[in-house]
Amino acid sequence: GPRRHAPRDMRLGDPVQYGPDGFERRDWPKRVVWMGRFVELKQPDMALRIFERVLARHPDAELVLLGDGENEGALRDYVSARPALARAVRFEGFQNDVRPYLEQAGVGLGTSRFEGYCHAVVEMKMASIPVVAFDLPWLDTLKDGSGAVTVPQGDVVAAADAVCRFQCLRRRFS
């Protein structure tokens, strides 16, 4: 039979929806949040490597990982083998409502190698959290001046430096 095509003006709605009350911000500049599936494409291992560098400069920093997936066991093993990380990293699993975690975060971290539309970054920005992410140049949500700082893909040092700059700035002005 004939092939059917979607109308050319069809737009996909943003599935990120919040009520009229939005977010209640609490300032936790030392807390970094990462959200996503624990799969290779999202590179959660990079979040741990970045955070190790942050922790070396800010021993009181915390990393909250929201998500689950096939690489969770390896990530937990990596953390448990490093006492400093084990004290500072929390695995909170998949969450239907991420608001309580975003309300208590100081910096959001994005480590994906590819995204078509980065829901995690959008949610972090909706919560007024500055975002440090690996560059995905095709995404408008990561353009300069959009509340996000991008670093080259895989540049753990630059990402850690950016997270630390946000932590220091938030501390100075809070």
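Here the structure is a predicted model, which is why all the values come from computation and not from measurement.

### As for the nonpolar core
A general feature of soluble globular proteins is that nonpolar side chains tend to end up buried together. Of all hydrophobic cores here, the largest spans 31 residues; its most connected members are Phe51 and Val89. Contact partners of valine 89, with chain neighbours within four places excluded, come to Leu48, Phe51, Leu63, Leu65 and Val79. Counting residues in each nonpolar core, the second largest holds 20 residues, with Val33, Val64, Val98 and Tyr101 among its members.

### Quick word on the packing of helix α1 (residues 44-57) against helix α2 (residues 72-80)
Direction vectors running N to C along α1 and α2 enclose 15 degrees, while the axes themselves pass 10 Å from each other. Between α1 and α2, the crossing angle belongs to the class labelled roughly parallel. The element α1 and its partner α2 pack so that their crossing is right-handed. Contact residues: Pro44, Asp45, Leu48, Arg49 and Glu52 in α1; Leu75, Tyr78 and Val79 in α2. Of the residues belonging to the contact of α1 with α2, the class tally is 5 nonpolar, no polar and 3 charged.

### Topic: the pattern of salt bridges
Scanning all chains against the criterion turns up 9 salt bridges. One salt bridge in this structure joins arginine 31 and glutamate 62, with 2.6 Å as the shortest N-O distance. Of this pair, arginine 31 sits in strand β1 (residues 31-35) while glutamate 62 sits in strand β2 (residues 62-66); the two residues are 31 residues apart in sequence, bridging distant segments of the chain. The buried category is assigned to arginine 31, whose relative accessible area is 9%. Of the residues examined, glutamate 62 reaches a relative accessible area of 27% and is grouped as partly exposed. The partner of aspartate 97 in a salt bridge is arginine 99, with the nearest N and O atoms 3.4 Å apart. Aspartate 97 sits in the partly exposed class, given a relative accessible area of 35%. Taking the relative accessible area as the measure of exposure, arginine 99 reaches 24% and is therefore partly exposed.

### Observations regarding the pairing of strand β4 (residues 107-110)
Burial along β4 is two-sided: the residues Val107 and Leu109 and Gly108 and Gly110 are all buried. The pairing of β1 with β4 spans 3 bridges and is parallel. In the sheet register, valine 32 faces β4, and the bridge partner there is valine 107. In this structure, β4 lies alongside strand β5 (residues 131-134), joined through 3 bridges in parallel fashion. Paired with glycine 110 across the strands is alanine 133, a residue of β5. Viewed along the sheet, the connection from β4 through helix α5 (residues 119-126) into β5 turns out right-handed.

Calculation rules
Residues numbered from 1 in each chain as written. Predicted model: local features only at pLDDT ≥ 70, side-chain atom pairs only at ≥ 80, totals over all residues. Heavy atoms only, no water. Core = buried A, V, L, I, M, F, W, Y, C linked by side-chain atoms within 4.5 Å. Buried < 20%, exposed > 50% of the residue type's maximum accessible area, 1.4 Å probe, protein only. Contact = heavy atoms within 4.5 Å. Axes fitted to C-alpha atoms, helices over the stretch in contact; angles between N-to-C directions. Helix = DSSP H or I, 4+ residues; strand = E, 2+ residues; numbered from the N terminus. Parallel < 35°, antiparallel > 145°, perpendicular 65-115°, else oblique. Left-handed = near helix turned anticlockwise from the far one by under 90°. Nonpolar A, V, L, I, M, F, W, Y, C, P; charged D, E, K, R; others polar. Salt bridge = Lys/Arg side-chain N within 4 Å of Asp/Glu carboxyl O. Pairing = 2+ DSSP bridges. Right-handed = clockwise from strand over helix to strand, strands pointing away.

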